[in-house]
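# Report on the structure
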Amino acid sequence: MMRRNDIKGQAGARRALEVACVGGHSIMLVGPRGAGKHTLLEAYQQTEIGAAVVGMAVDCCPCGNYQATRKECPCSARLIARYWRRLERAAEGYDILLEVPELNTREYLAEPDLEREKWEDTRVKAAWKWGGEHTLLDIKGDDATRRLYEMAVDRCGLTLDRANRMVRVARSIANLAESERIQAKHLAEAAQYSRLPY
């Protein structure tokens, strides 16, 4: 059984999975083959903290080596574009979209952070009980947060469903910070999870 203490590196992915545990969010991990996407999902789906995480791990191109540093990708630009159009349709059903990069040599050789799992458990359990609204009313009371929401929707072309998912994720991030209201920094992080990385 894969444990979270066995994971090396991937701080960004672990943060996103931590947020997913708080709110029971669905998550899609995208990256080169061998980056550890399935390992991460397995480790966090087996956890007993927070809510159940529903996840999907997908390669970043048909061969799985697009933007990989150690292998060449033979896929044509046209083939990759077609692949990503299909991936975009699949991504519509997920709350969090995240790129998982390859581990570099230093991360691969580093010892796992054995205290991280205990720290995550404490934070997620506290945030899971925090509660809080996750509607648009929760961001309208703060000008900076409202402006950031409007910018994310208008400039990124988010659908109403995607925008609502972003607010729900921001609520979970606010819970981790033990904040009663969604602040601009919480929405900014959630916005980063609202689009495919490529």
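Details of the structure are given in the entry above.
Residues numbered from 1 in each chain as written. Predicted model: local features only at pLDDT ≥ 70, side-chain atom pairs only at ≥ 80, totals over all residues. Heavy atoms only, no water.

We now examine the packing of helix 7 (residues 143–156) against helix 8 (residues 160–176). In contact at an axis separation of 10 Å, helix 7 and helix 8 are set at 145 degrees when each is read in the N-to-C sense. Between helix 7 and helix 8 lies a crossing whose hand is right-handed. Here Y149, A152 and V153 of helix 7 lie close against helix 8, whose contacting residues are A163, M166 and V167. (Axes fitted to C-alpha atoms, helices over the stretch in contact; angles between N-to-C directions. Helix = DSSP H or I, 4+ residues; strand = E, 2+ residues; numbered from the N terminus. Left-handed = near helix turned anticlockwise from the far one by under 90°. Contact = heavy atoms within 4.5 Å.)

Moving on, we come to unusual backbone geometry. A positive phi angle, near 65 degrees, is found at Q67, a position not held by glycine. Tracing the backbone through its elements, the reader meets Q67 in the loop between strand 2 (54–59) and helix 3 (77–91). With a phi angle near 55 degrees, E178 is a residue other than glycine that sits in the positive phi range. As for its position among the elements, E178 is in the loop between helix 8 and helix 9 (184–192).

Take the sheet that holds strand 1 (residues 26–31) next. As a general point, the strands of a sheet are linked pairwise by backbone hydrogen bonds and lie either parallel or antiparallel. Read across the open sheet, the three strands follow the order 2-1-3; overall the sheet is parallel. The open sheet has two edge strands with one neighbour each: strand 2 and strand 3 (96–99). Ignoring strand direction, the axes of neighbouring strands in this sheet form an average angle of 20 degrees. Alignment of strand 1 against strand 2, held across six bridges, turns out to be parallel. Following the sheet pairing, M28 is matched in strand 2 by M56. (Pairing = 2+ DSSP bridges.)

Take the environment of L41 next. Following the sequence through the fold, L41 ends up in helix 2 (residues 37–45). Note: C-alpha distance between L41 and V54 (13 residues apart in sequence) is 8.5 Å. Not counting residues within four places of it along the chain, the set of residues in contact with L41 comprises L17, I27, L29, G55, M56 and A57.

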